[in-house]
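Observations on chain architecture
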Amino acid sequence: MLKRWVARNLMLGREQGEAFPSGEHLYVPPQNTATDSYYFFIRSDSGATLVSRLACRQNMECEFWLGIHLPNQSPWIWEGISTQLNTPFPSIEGLAFMPNSDLSWTINIDLPQFNLKGSLRFTPTTGILDFAKLRDKNQIASALAKMPWNAASFKALKSMKTEHIEQAGIWNGELTWNENVHSMVGVGARDHSRGERNWKRWNSHCWFTGFDSEGSGFNLSLIDFKGLPTLRAGYISIHKNEAVPLKDGPDSPIKLASGKFQLSGGHLNGPVDFKTQNSFEFTMDGSYRIVEGFGSFYWQGKQYEGILERGYTLNP
């Protein structure tokens, strides 16, 4: 009981204040296993999908993803490490995430080598969803209390010390690709995380998130770190001004492409049916594979569009 109390009250980190009190300006991490990571996904009304990530690391290195899937075409991926440009927002040559004064964001794409150009605007439908305030504290405390407490386990804990926020929204914009114009109007979300991100310490994970155009939806996250028990986080977004943390759900990362899981938070509970339609695959530091699936969720009589991300180590 004492270990559980300590885990719940002293090891779960911040619960008050803001995740990024000085704003979401770009931050260059001082240590080489940390990132300042920005991520966006779009599910357009036409069935097109776009995912993109820029993560600033030490020495102005920037991990980047860009994945695009258009109906009746194969997924296209551009990934690697580039140099962060001298801007106060995440940007590399050809790809930039720009915050606007009205709290919206703009993704600008200009990649003549791929004959690809676009400008996409993200307008929030929810407030900031802060994982420090929206997590299953009892599940995390119970899991941490069961692990051996020693130097190795406390070192492993460091790899989960991050600030992480999410936000749902709607998208408007166009992509021009090989002289063809594609409308990108639909729903999606963004996230921003800052802190340790050592991919060599990850065994597996899943990150499932889905929203409708009103900002209702959910997130289920399960991470199996090496040397730690599986930890669960997530929330149910009831509408744009209210979200509740999960209080029940799966105990280990979901590996199936389609199936069902139980979700519970606040007064809402029930099974969620999910179906992955296709995916992008990204490799992180040569040691971890992320399968960025996209598809639909069906819960309590409604359909939600979103991302079904799964990951696994390449060096077990």
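For the structure, check the block above.
Residues numbered from 1 in each chain as written. Predicted model: local features only at pLDDT ≥ 70, side-chain atom pairs only at ≥ 80, totals over all residues. Heavy atoms only, no water.

1. Overview of the packing of aromatic side chains
Rules: Pairing of aromatic side chains here covers Phe, Tyr and the six-membered ring of Trp, requires ring centres within 6.5 Å, and sorts the geometry by plane angle: under 30 degrees stacked, over 60 edge-to-face, intermediate tilted. Helical segments are the DSSP runs of H or I of at least four residues, strand segments are the runs of E of at least two, and each set is numbered from the N terminus. Buried residues are those whose accessible area, probed at 1.4 Å on protein chains only, stays under 20% of the maximum for their type, while exposed residues exceed 50% and partly exposed ones sit between those limits.
Applying the stated criterion across every chain, the model contains 28 aromatic pairs. Pairing Phe 40 with Phe 97 gives two aromatic rings, centres 4.8 Å apart and planes at 75°, and the pair type is edge-to-face. Placement of Phe 40 in strand β1 (residues 34-44) and of Phe 97 in strand β6 (residues 95-99) is noted, with a sequence separation of 57 residues between them. In this pair, the class of Phe 40 matches that of Phe 97, namely buried. Between the aromatic rings of Phe 64 and Trp 78, the centroid separation amounts to 4.4 Å while the plane-to-plane angle is 45°, which identifies the pairing as tilted. Within this pair, whereas Phe 64 is found in strand β3 (residues 61-69), its partner Trp 78 is found in strand β4 (residues 76-83), the two being separated by 14 residues in sequence.

2. Quick notes on the environment of Trp 78
The buried category is assigned to Trp 78, whose relative accessible area is 14%. Along the backbone, Trp 78 and Phe 114 are 36 residues apart, and their C-alpha atoms lie at a distance of 9.8 Å.

3. Some words on the side chain of Glu 305
Quick reminder of the rule: Counted as a polar contact is a pair of N or O atoms within 3.5 Å, where, for protein atoms, one must be capable of donating a hydrogen and the other of accepting one, and residues adjacent in sequence contribute only when both atoms are in side chains. In what follows, a contact means two residues having at least one pair of non-hydrogen atoms within 4.5 Å.
One can find Glu 305 in strand β20 (residues 302-313). A polar contact is formed between the side chain of Glu 305 and the side chain of Gln 303, at a distance of 2.5 Å. Once residues within four sequence positions are removed from consideration, Glu 305 is found in contact with Phe 41, Arg 43, Val 187, Thr 209, Gly 210, Phe 211, Gly 295 and Ser 296.

4. Some points on the sheet that holds strand β16 (residues 242-245)
Within a sheet, neighbouring strands are paired by backbone hydrogen bonds and run either parallel or antiparallel to one another. Keep this limit in mind: When DSSP finds at least two bridges between two strands, those strands are taken to pair. Helix axes are fitted only over the stretch in contact, all axes being lines through C-alpha atoms; the angle between N-to-C directions runs from 0 to 180 degrees.
Read from one edge to the other, the open sheet built from eight strands follows the order β16-β15-β14-β13-β20-β19-β18-β17, with strand pairing classed as antiparallel. Of all the strands in the sheet, just β16 and β17 (258-265) have a single pairing partner and so form its edges. With direction set aside, neighbouring strand axes in the sheet form an average angle of 20°. Two elements, strand β15 (residues 231-239) and β16, share four bridges in a ladder whose sense is antiparallel. Note on β16: the bridge partner recorded for His 239 is Glu 242.

5. Observations regarding the side chain of His 164
One can find His 164 in strand β10 (residues 162-177). Ignoring any residue separated from it by four or fewer positions in sequence, one finds His 164 in contact with Leu 129, Asp 130, Phe 131, Asp 191, His 192 and Ser 193.

6. Looking at the state of the cysteines
To keep it simple, the criterion reads: Put simply, a disulfide is two cysteine sulfurs that come within 2.5 Å.
Summed over the entire model, instances satisfying the criterion amount to zero disulfides. The thiol sulfur of Cys 62 is not disulfide-bonded, and the nearest other cysteine sulfur, from Cys 56, lies at 6.0 Å. On the basis of relative accessible area, Cys 62 is assigned to the buried category, the value being 0%.

7. Digging into unusual backbone geometry
Although it is not a glycine, Glu 179 adopts a positive phi angle of roughly 70°. Within the element layout of this structure, Glu 179 appears in the loop between β10 and β11 (180-183).

8. Digging into the pattern of salt bridges
The cut-off we apply is this: We count a salt bridge whenever a side-chain nitrogen from Lys or Arg sits within 4 Å of a carboxyl oxygen from Asp or Glu.
Scanning the model with the defined rule gives 12 salt bridges in all. Between Asp 251 and Arg 232 there is a salt bridge; the shortest N-O distance is 3.3 Å. You can see Asp 251 sitting in the loop between β16 and β17 and its partner Arg 232 sitting in strand β15, a full 19 residues away along the chain. What makes Asp 251 exposed here is its relative accessible area of 59%. Within this structure, Arg 53, Arg 57, Glu 61, Glu 63 and Asp 285 form a network of salt bridges that share partners.

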